[in-house]
Amino acid sequence: MSSFVDAESRTAPSLAQVLDLGAKGMLVLLSAMAALDPAGANLEGKAAELRAVGYPALAFTIPALWYVFWRDRPFPWLADLLVTITCFSDTLGNRMDLYDQIVWFDDWMHFMNPALLCVAVLLLSVPRDAGFGACLERSLAFGATAAIAWEIAEYFAFIATSDERRGAYTDTLGDLSAGILGCVLAATFVHLAWRTGRLREPGPLGGPSPVVAEAR
């Protein structure tokens, strides 16, 4: 493990690092623009200010946790990128008015964003030798909870006072179903990627620390 860490420190920035930092920068910029001009970001009446604060905060959660608790381990660039993408894609999607221009875009986002978040959680918290059942359990536990929390927050943030509340029940059921399917996809993808050796990035909580591993 220590040799892996040493190799990581000597290599050039990975694609995940470059994309992660770029997505974070664009997210902060788009969030600031949305807060200043919600209508221009197609977020008028859709809790633009809350998104402008909440999305960057979520995107920087893993770096903050790593700095406080996990600095003896490699930084989880891939997991951090996946979390950032979920925030960036929604902000950019609204900015480009894709939710209104593409009829299936909202369903796609409710499917893919929980999947991406679940992959990040699995990378951070599940050992690479875990079975499929453990991956699926963790993915569903986190993903379903996050999907329900999002729907509740969305309802109270703007749907309850908008015309969308008339069809909110049907839409919510569809969104939750898409999210659950995304959770299953995430667990299947991560488990297969680990088993075939195509995913090797270590997670901060997925095994012993480098210090402990080296002592052994």
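Anything mentioned here points back to the structure above.
Summarised in this report is the structure supplied together with it.

Rules and cut-offs
- Residues numbered from 1 in each chain as written.
- Predicted model: local features only at pLDDT ≥ 70, side-chain atom pairs only at ≥ 80, totals over all residues.
- Heavy atoms only, no water.
- Helix = DSSP H or I, 4+ residues; strand = E, 2+ residues; numbered from the N terminus.
- Buried < 20%, exposed > 50% of the residue type's maximum accessible area, 1.4 Å probe, protein only.
- Areas by Shrake-Rupley, 256 points an atom, 1.4 Å probe, with all protein chains shown as cover.
- Core = buried A, V, L, I, M, F, W, Y, C linked by side-chain atoms within 4.5 Å.
- Axes fitted to C-alpha atoms, helices over the stretch in contact; angles between N-to-C directions.
- Parallel < 35°, antiparallel > 145°, perpendicular 65-115°, else oblique.
- Left-handed = near helix turned anticlockwise from the far one by under 90°.
- Contact = heavy atoms within 4.5 Å.
- Nonpolar A, V, L, I, M, F, W, Y, C, P; charged D, E, K, R; others polar.
- Expected span 1.5 Å × (residues − 1).

### Concerning the overall build of the protein chain
When its secondary structure is counted, the protein chain shows 10 helices and 0 strands. Starting at the N terminus and walking to the C terminus, you meet the elements of the protein chain as α-α-α-α-α-α-α-α-α-α. The buried share among the 216 residues of the protein chain stands at 41%. Of the roughly 11900 Å² of accessible surface on the protein chain, 66% is carried by carbon and sulfur atoms.

### Description of unusual backbone geometry
Glycine aside, the phi torsion of most residues is negative, and most peptide linkages are trans. The phi dihedral of A47 falls on the positive side, at around 55°, and the residue is not glycine. Inspection of the secondary structure puts A47 in the loop between α2 (15-36) and α3 (48-59). Even without a glycine there, the phi angle at D97 is positive, about 60°. Following the sequence through the fold, D97 ends up in the loop between α5 (77-95) and α6 (98-101). Look at D97 and you get buried, because its relative accessible area is 19%.

### A closer look at the nonpolar core
In terms of nonpolar packing, the biggest core is built from 26 residues, with L123 and W194 touching the most fellow members. Taken together, the elements giving at least two residues each to this core come down to α5, α7 (105-125) and α9 (168-195). The biggest single contributor to this core is α7, with 10 residues.

### Some words on the packing of α3 against α5
Following both chains from N to C, one finds α3 and α5 inclined at 160°, their axes separated by 8 Å at the closest point. Classified by the angle between their axes, α3 and α5 sit roughly antiparallel to one another. The way α3 lies across α5 gives a crossing that is left-handed. Contacts between α3 and α5 involve R51, Y55, L58 and A59 from the former and D80, V83, T84, C87, D90, T91 and N94 from the latter. Split into classes, the residues belonging to the contact of α3 with α5 amount to 5 nonpolar, 3 polar and 3 charged.

### Details of α2
Between the first and last C-alpha of α2 there are 32 Å, a value that for 22 residues agrees with the 32 Å anticipated at 1.5 Å per step. Listed in full, the buried residues belonging to α2 are A16, Q17, D20, A23, K24, L27, L30, S31 and A34. Buried residues along α2 sit against α3, α4 (61-69) and α5.

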